[in-house]
Structures are given as structure tokens and as C-alpha cells.
Number of protein chains: 2
Amino acid sequence: MSDAGEEAVVRRWRDLLACYSTVSCALDRALQDAHGIGMSEFEALDRLVDATCEQRRMHDLAGDMYLSQSALSRTVARLERAGLVGRTMCDDDRRAIFVTLTEAGRERHAQARRTQRAVLAEHLAPEPEPARAGA
Amino acid sequence: MSDAGEEAVVRRWRDLLACYSTVSCALDRALQDAHGIGMSEFEALDRLVDATCEQRRMHDLAGDMYLSQSALSRTVARLERAGLVGRTMCDDDRRAIFVTLTEAGRERHAQARRTQRAVLAEHLAPEPEPARAGA
DNA sequence: CGAAGTTACATGCACATGCATTGGATGTCC
DNA sequence: GGACATCCAATGCATGTGCATGTAACTTCG
């Protein structure tokens, strides 16, 4: 590979890193300050709201998120402790756990979502396109 | 802001998140497996190599990296423990610490750099993918 | 049925990070 | 010069994460 190509890739990586760091930091802080939840918690709530059934198995949730199984387990535990989700047994497969949004969870998400949109709009303004690439 | 605009921003954020997660995870794993250093350590070495003087104050290093002051302090401590950098007093300002690359550090960086380039090339391929390659 | 293997989730542990604080060195203002 | 604010780096502490493991439930094969 040419040096020029390598340099371009490295530059792209640095842009990606810079962009991610800035946005995730701002987002996490805003969510924490305004709603008492972190980015991971918000993402989990978001996935639950997206799900039409609003009741998903841990395993399926994990597939949508960039968290390890253990991290997700604890994230859901925090959400449950906060009363934002509930865990219910799944009769079809009793190893599995259904995670369900509570009313409080739905409300909190609706509020947090506004914060999230605001932060994203501020930092990912539809200016020139940011770093991006295939995974 | 319009719903369409919001959606575009959110989609951009998800792409960014996906891309960052994939690349940083792969990179960290590759560096750790092949060279026994993590991403932060590599970044620190990289900044030191970039610096023409190859001797930078902690504070300056911190400015270039997306790490808190304390995290950088510990990162440098790990690098020092591994013999890859040295800390020397700065006579001009005795609060400051000069971080200097050791010969071992320079070598390790040279090797790790190849790994980094390979991983970045694989995941951030600069090839003109048709339209978008968003994950 | 029953044993071995697999899957889903929780948990012990190690570790990296951020925040707040500390300790020491500089700078400033009187 | 002396008191006070500021700055640099290190560290105590709380927290979130991943890996390895534990436990229970499901599956497969004999």
C-alpha cells in the first residue's frame, strides 16, 4: 500500500476518534446531568422503544448494541434498579429473560431523547460529512 | 429542526458508533495480542514519535489525546513500567515532567505501527466503495 | 430416560477511566 | 519577602467494561 493511502487511512481514523470522543463525551455528560442515565442505558432504552413489541430478550438486545454480554447484563440491572425496565421470565425458554419498558422508562426515554437529539444536532451538524467507512 | 434532519443526524451517530466500536475493538485487540500494549499506550507512543523533539511534557501530550489528565498519567506510568518511555525532570519548570521515548519504545512503536496500519487499512479501507459503506 | 454439549444470563475479578483531591512548584499582588 | 491563586502531575475512590467462570435450562444423541 502506498504511503499516501496509509496516511489517508490514518487521518480518517484520527477524525473518527476525535469525532467519537467529542460526541460521546458530551452526550454521556448531558444525559447523566439531565436524566441520571449514561449512554449505554439510553441506548438500551432506545432499543426497547424501537422494538415494536417493547419486550426483548437480553440476547437480542446485546446483538443490537456494542456491549459485551456481561456489560449489558449490568446495564439492564442498573435500569431495573432505577425502575425503568422490568425483567420477566420467558416461558418459551426459561433461560431467557424478557426486558420490558416500564411506564417510567418510557417517560425517561422520551425526555432523554430530546437531550440526545439536541447534543447530536449540535455536534454532528449536517455540515461536511464526518468520518465513515465500512466495518 | 425537521424530523428528516433529526433522523439523518441520528443515523450518522449510529454509523459513527458502529464504526468506532468495530475499529477500536479490533485495533485494541490486535495491539494487545501482538505487542502487549493497548490503544492508549500506542497513541501516546505515536505522539512521542511525531514530536520532533521526542520529548514532551505530560500536559502537552494530554492536549493531543482524548484522555483525562489522570488517565494519561497512568498510561505513561504503564509505559514506563514496560520500559518504553522515561520520565525526566524539566529544569525550566519543575512541576512539569518530560516524557521521553526509550530505544525499546521506539522499536515497539515501529512494530505496533505496522499492526495499526494493517488493522486500519482493513476496517477503514479507503477504496471507493460504491456510494456508502456505512455499517 | 440420562449423559454430554450448548445456550442464556449473572457474577467474581482485573483493569482502565474520570472526578475530586493532594502535594509540590510557579506566578502574582501587596 | 509573604500570602494567595494557579498550574502540573500523582493518587484515592467510584464506576463501567471485558474475560473467565458459574448456574440453570435447553438440546442432542445414545
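Because the structure is a prediction, the values reported are computed rather than measured.

**Q** Mind showing me how you'd approach the sheet that holds strand 2 (residues 85-89) of chain A here?
**A** In sheet architecture, strand pairing relies on hydrogen bonds along the backbone and comes in two forms, parallel and antiparallel. All names here are of chain A. Within the open sheet, the 3 strands sit side by side as 1-3-2. Their pairing is antiparallel. Two strands lie at the open edges of the sheet, namely strand 1 (55-57) and strand 2, each paired on one side alone. Across this sheet, the average inter-strand angle for adjacent strands is 30°, counted without regard to direction. Pairing between strand 1 and strand 3 (residues 97-101): 3 bridges, direction antiparallel. Bridge pairing links glutamine 55 to threonine 100 in strand 3. Against the sheet, helix 4 (residues 69-81) engages strand 2 and strand 3, with an angle of about 115° to strand 2.

**Q** I tried to follow the pattern of salt bridges on my own but got confused; where do I start?
**A** Note that side chains of opposite charge can pair when their charged atoms are close. One pass over the structure, following the stated rule, counts 18 salt bridges over all chains. Here aspartate 50 of chain A and arginine 14 of chain B are joined by a salt bridge, their closest N and O atoms 3.6 Å apart. Of this pair, aspartate 50 of chain A sits in helix 2 (residues 39-50) while arginine 14 of chain B sits in helix 1 (residues 3-35), placing the two residues on different chains. By relative accessible area, which is 45% here, aspartate 50 of chain A ends up partly exposed. For the salt bridge of glutamate 80 of chain B with arginine 87 of chain B, the shortest nitrogen-to-oxygen distance reads 2.6 Å.

Reading the values: the criteria
- Residues numbered from 1 in each chain as written.
- Chains lettered and ligands numbered in written order.
- Predicted model: local features only at pLDDT ≥ 70, side-chain atom pairs only at ≥ 80, totals over all residues.
- Heavy atoms only, no water.
- Pairing = 2+ DSSP bridges.
- Helix = DSSP H or I, 4+ residues; strand = E, 2+ residues; numbered from the N terminus.
- Axes fitted to C-alpha atoms, helices over the stretch in contact; angles between N-to-C directions.
- Contact = heavy atoms within 4.5 Å.
- Salt bridge = Lys/Arg side-chain N within 4 Å of Asp/Glu carboxyl O.
- Buried < 20%, exposed > 50% of the residue type's maximum accessible area, 1.4 Å probe, protein only.

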